[in-house]
Amino acid sequence: MNRDWIATASTLNKALPYLQRYAGATVVIKLGGHAMGSDAAMEEFARDVVLMRQVGVNPVIVHGGGPMINAMLDKLQITSEFKNGKRVTDAATMEVVEMVLAGVVNKRIVQAINRQGGRAIGLSGKDAHLITCTPTDPDLGFVGTPQAVNPRVLRDLAEKEYIPVIAPLGAGAQGETFNINGDTAAGAVAAALKADRLLLLTDVAGVKNAAGEVVTELSATQIRSLTEDGVIAGGMIPKTETALAAIDGGVRAAVILDGRAPNACLLELFTEHGAGSIIRSD
Ligand SMILES: Nc1ncnc2c1ncn2[C@@H]1O[C@H](COP(=O)(O)OP(=O)(O)O)[C@@H](O)[C@H]1O
Ligand SMILES: CC(=O)N[C@@H](CCC(=O)OP(=O)(O)O)C(=O)O
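An unreviewed UniProt entry lists the protein chain under the name Acetylglutamate kinase, from Roseobacter cerasinus. Under the heading Catalytic activity (unreviewed entry), UniProt records this for the protein chain: "N-acetyl-L-glutamate + ATP = N-acetyl-L-glutamyl 5-phosphate + ADP".

Let us look at the site of ligand 1. Near ligand 1, the surroundings consist of 17 residues, among which Gly32, Thr202, Lys208, Gly235 and Met236 are the closest. Here the residues of the shell around ligand 1 are counted per class, giving seven nonpolar, eight polar and two charged.

What follows deals with the site of ligand 2. In the vicinity of ligand 2 there are 15 residues, among which Gly33, Gly64, Gly66, Arg87 and Gly182 approach most closely. Across the shell around ligand 2, the residue classes break down as five nonpolar, eight polar and two charged.

All right, on to the packing of helix H6 (residues 182-193) against helix H8 (residues 236-248) then. Where H6 contacts H8, the axes come no closer than 9 Å and their chain directions differ by 10°. What the angle tells us is that H6 and H8 run roughly parallel. Counted together, Asp183, Thr184, Ala186, Gly187, Ala190 and Ala191 of H6 and Pro238, Lys239, Thr242, Ala245 and Ala246 of H8 form the full contact between these two elements.

Attention now goes to the packing of helix H7 (residues 220-228) against H8. Interhelical geometry of H7 versus H8 gives an angle of 155° and a closest axis separation of 11 Å. Considered as vectors, H7 and H8 are oriented roughly antiparallel to each other. Between H7 and H8 the crossing geometry is left-handed. Contacts between H7 and H8 involve Ala220, Ile223 and Thr227 from the former and Ile237, Thr240 and Leu244 from the latter. Classifying every residue of the contact of H7 with H8 by side-chain character gives four nonpolar, two polar and no charged.

This part is about the UniProt feature "site: Transition state stabilizer" (unreviewed entry) in the protein chain. UniProt records the feature "site: Transition state stabilizer" (unreviewed entry) at Lys30 and Lys239, using the numbering of this structure. Taking the farthest pair of C-alpha atoms as the criterion, the annotated set spanning 210 residues converges on one region, since that pair is 10.1 Å apart. Turning to its location among the elements, Lys30 is positioned in strand S1 (residues 26-31). Of the residues examined, Lys30 has 30 C-beta atoms within 10 Å and is grouped as buried. If sequence neighbours within four positions are ignored, Lys30 has contacts with Val62, Gly182, Asp183, Ala186, Leu199, Leu200 and Leu201. Mapped onto the fold, Lys239 is located in helix H8. Its 29 C-beta neighbours within 10 Å are what place Lys239 among the buried residues. Setting aside anything within four residues of it in sequence, one finds Lys239 in contact with Asp183, Leu200, Thr202 and Ile256.

So, how was this worked out
Residues numbered from 1 in each chain as written. Chains lettered and ligands numbered in written order. Predicted model: local features only at pLDDT ≥ 70, side-chain atom pairs only at ≥ 80, totals over all residues. UniProt positions renumbered as here; feature names shortened; annotations may be inferred. Near = placed C-beta within 6 Å. Nonpolar A, V, L, I, M, F, W, Y, C, P; charged D, E, K, R; others polar. Axes fitted to C-alpha atoms, helices over the stretch in contact; angles between N-to-C directions. Helix = DSSP H or I, 4+ residues; strand = E, 2+ residues; numbered from the N terminus. Parallel < 35°, antiparallel > 145°, perpendicular 65-115°, else oblique. Contact = placed C-beta atoms within 7 Å. Left-handed = near helix turned anticlockwise from the far one by under 90°. Buried ≥ 20, exposed ≤ 12 C-beta atoms within 10 Å, placed from the backbone.

Below is the structure:
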């Protein structure tokens, strides 16, 4: 008999306890712009998501798209700068952010999942009162901090086995549109759903220590000391902050992992090995 088939059957057999553990669980997955690779990688990600749904998990996707926004701003010759990992967003930039995130990026993910037989539905935080924001800081313009997340639409969709794909935009009290950092939006959605897992997919294997090794299990205390020492820096700061805030908000655990690694989500959820860095409350 073909060895690959024997290995596949054995893998499925060993996955049973994990499939049982996650049946009915809500898993929020943040797909960062850097983790969105080739069409083949997107197809594989979509298959993982559809498989999760097939075995009774409720996956909720929140995406980023920073590099795609940068490319469009370049084409339109609009300059853009970041402060503390957040894009300074004036009215013209906000239009481009919305066009890119709720447009091509969102639909690329929706279509990839649907092509694998899933029932993905694209939303932004502006739909169905999902995410309401207040301005984060006057210096950042239309950058928003989620104040309220109404998870009802997500619960309704999960019941009908739809897979929500959410662009990180929010509505303001005065009818404004806000640009939300993708990690922050994913954390707020995960907390509102009291998700079992928040998976933050990025372009590194996990959170690294001063020696450059991935730390597989991290406590809040360890994160604070690695951040104070400057070992956790740049784009990793909003991720670890999001993970801690999500746990405080009732999420069981958050994992920071490499979205470019094959079947990263399945490896994390359904194998003994796990992937990346897992953060639980102390
Ligand atoms: N301690 C650390 N461990 C791992 N990555 C780190 C660390 N400190 C800073 N980083 C950086 O954070 C980056 C991930 O953040 P970012 O580029 O914003 O990701 P994404 O676009 O997926 O949201 C990594 O590529 C890495 O360069
Ligand atoms: C406020 C803010 O910075 N918003 C982000 C939203 C997209 C994002 O977060 O994309 P990644 O996950 O790919 O980095 C931005 O404008 O780039």
